[in-house]
Amino acid sequence: MSIEIRDLNYTYAEGTPFESIALKNINWKIIEGEMWLLLGKTGSGKTTLIQNINGLLIPKNGEVIVDGLKTSDKNVNIKDIRKNVGIVFQYPENQFFLPTVLEEILYAPKNFGIEISKNELLEILKIVGLTPEFLTRNPFSLSGGEMRRVAIASVLAYNPKYIVFDEPTVGLDYNGRKKIWQIIENLRKAGKTIIIVTHWIDDLISFKPKVLHIQNREISFKGEFNDFIMLGEEELKKRSISLSEKLKLYYCSLKNNITLEKLFQY
Ligand code: ADP
C-alpha cells in the first residue's frame, strides 16, 4: 500500500489576477511503513502538498492516489481517504473548542463515523503518555506539551495508516520536544507511515527518515537522509539549509565513515 503523487501541479485562484503557483511537477511515492521528512523554506509549497495528500485540496493537474483511491475521482468518498491520512497540524491546540479532553479526542472519529472502545481509548492515552484522569480535564488547563499530546491522540483515535506531523515540536521546551519524538518513534515501531514537516533536522538524526526537499515549488532532493546530508554544506546552503554544529559533526562522521561515538573519542 502507498500514497502516490504523480505529476502534481497546484495553482491557487487559477485564471484570476490572484493566481499563485504553489507546486510544480511533484512525483513522490510514500510506501507504507516509511518515514519521510518534508523540508523547504516558508512558501515552498509544503502545506499545499500535505493538503493534497489527504484530500483537503484536490488537484486539477496530476493525481494523488492513496491506497489505490484517487482523490480527484468523483466516485471515491473523500472521507475514505481522509480517515486514512491523519494530519497533526501546526499548533493543533489552537483548534480545540470542546470542554473536555475526552470530547476533543472523540470529535474527529465521530466525524468519520468511527466508534472507539474504552480499551482502544486507554491504549491511545498510553501511547501519548497521558493518564485516564486527563479525560475530564479542560484542554485549556493543560500544559503546552500535554495539549500537543491530546491533539495527537485525537488523530490516533481514528487510526489512520498515514500520519503527517506539521512542525510537531514547535513552541515546546526540550522535555516537551523529547516526549513528542518518543511518541513518533513508538508510532513508527507500531508500523505507522509517518511524514514530518520540521526545521529541527537535528532531532531526526537517529530516525534517518527519507527526505523530500522542495525549493521554488519543485522537488530539489528526494532520497535517503544520509545522502541528503552528504550533499555537503555548500549544496545544502543553496537549499536554504544551514548545518547545525551537531549536523556538521554528523556530516564529518559520514564522510570519514566512522560512527559519531568514535568521532567523539578523538
Ligand atoms: P509552505 O507550507 O511551504 O510555507 P504553502 O503551501 O503554504 O508553503 O504555500 C506555497 C505557495 O502558495 C506560496 O507562494 C503561498 O503564498 C501560496 N498560497 C498558499 N496558500 C494560498 C491560498 N490559500 N491562496 C493563494 N495562494 C496561496
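First things first, this report covers the structure right here in the doc. (Residues numbered from 1 in each chain as written. Predicted model: local features only at pLDDT ≥ 70, side-chain atom pairs only at ≥ 80, totals over all residues. Heavy atoms only, no water.)

**Describing the packing of aromatic side chains**
Aromatic rings considered in pairs are described by the distance between their centres and by the relative angle of their planes.
At step 1: The final tally for this structure, using the stated rule, is eight aromatic pairs.
At step 2: Ring geometry for F96 against F140: centres 6.3 Å apart, planes inclined by 75°, an arrangement best described as edge-to-face. Highlighted residues: F96 in the loop between β6 (85-88) and α3 (101-111) and F140 in the loop between α4 (118-128) and α5 (144-156), separated in sequence by 44 residues.
At step 3: Assessed through its relative accessible area of 8%, F96 is described here as buried.
At step 4: A relative accessible area of 48% means that F140 is categorised as partly exposed.
At step 5: Taking the ring centre of W200 as reference, the NZ or CZ of R177 above it sits at 3.9 Å. (Phe/Tyr/Trp six-rings, centres within 6.5 Å; stacked < 30°, edge-to-face > 60°. Helix = DSSP H or I, 4+ residues; strand = E, 2+ residues; numbered from the N terminus. Buried < 20%, exposed > 50% of the residue type's maximum accessible area, 1.4 Å probe, protein only. Lys NZ or Arg CZ within 6 Å of the ring centre and 35° of its normal.)

**A short note on the sheet that holds strand β5 (residues 69-70)**
At step 1: Strand order in the open sheet made by the four strands is β2-β1-β4-β5, with antiparallel pairing throughout. Of all the strands in the sheet, the pair left with one neighbour each is β2 (20-31) and β5.
At step 2: Pairing of strand β1 (residues 2-12) with strand β4 (residues 61-66), which is carried by five bridges, proceeds in the antiparallel orientation. Paired with R6 across the bridge in β4 is E63. (Pairing = 2+ DSSP bridges.)

**Regarding the pairing of strand β9 (residues 210-215)**
At step 1: Sheet topology note: the strand β3 (residues 35-39)/β9 ladder contains four bridges and is parallel. Opposite L38, over in β9, you have L212 as the bridge partner.
At step 2: The pairing of β9 with strand β10 (residues 218-223) spans five bridges and is antiparallel. Paired with I214 across the strands is I219, a residue of β10.
At step 3: As consecutive antiparallel partners, β9 and β10 are separated by two residues, and within that stretch N216 has a phi angle of approximately 50°, a positive value.

**Here we look at helix α9 (residues 245-255)**
At step 1: The set of residues buried in α9 consists of L247, Y250 and S253. Relative to the axis of α9, the buried residues are bounded by an arc of 115° and lie together on one face. In this structure, α9 carries E245 and K255 as exposed residues pointing more than 90 degrees from its buried face.
At step 2: The first or second residue beyond α9 is N257, which carries a positive phi of 55°. (Arc of directions from axis to C-beta.)

**Considerations on the site of the ligand**
At step 1: Neighbouring residues of the ligand: Y12, S20, A22, K41, T42, G43, S44, G45, K46, T47, T48 and R217.
At step 2: Between the ligand and T48 there is a distance of 2.5 Å, counted from an oxygen atom to a side-chain nitrogen or oxygen.
At step 3: R217 has a polar side-chain atom sitting 2.7 Å from an oxygen atom of the ligand.
At step 4: For the shell around the ligand, the elements supplying multiple residues, two or more each, are β2 and α1 (46-53).
At step 5: The greatest single-element share of the shell around the ligand, amounting to three residues, is contributed by α1.
At step 6: Class assignment for the residues of the shell around the ligand results in two nonpolar, seven polar and three charged. (Near = heavy atom within 4 Å. Polar contact = N/O pair within 3.5 Å; in protein donor to acceptor, adjacent residues only side chain to side chain. Nonpolar A, V, L, I, M, F, W, Y, C, P; charged D, E, K, R; others polar.)

**Quick look at the pattern of salt bridges**
At step 1: Tallied over the entire structure, the rule returns 15 salt bridges.
At step 2: A salt bridge links R177 to D203; the nearest nitrogen and oxygen atoms lie 3.6 Å apart. A residue pair is termed long-range when its members are at least 10 positions apart, and R177 in helix α6 (residues 174-189) and D203 in the loop between β8 (193-197) and β9 qualify at 26 residues.
At step 3: Relative accessible area serves as the criterion here: at 21%, D203 is assigned to the partly exposed category.
At step 4: In this structure, the salt-bridge partner of K248 is E245, at a minimum N-O distance of 3.5 Å. Residue K248 and its partner E245 are both found in helix α9; the two are separated by three residues, about one turn of the helix.
At step 5: On the basis of relative accessible area, E245 is assigned to the exposed category, the value being 59%.
At step 6: Among the ionic contacts, a cluster of salt bridges with common partners joins E4, R6, E63 and K70. (Salt bridge = Lys/Arg side-chain N within 4 Å of Asp/Glu carboxyl O.)

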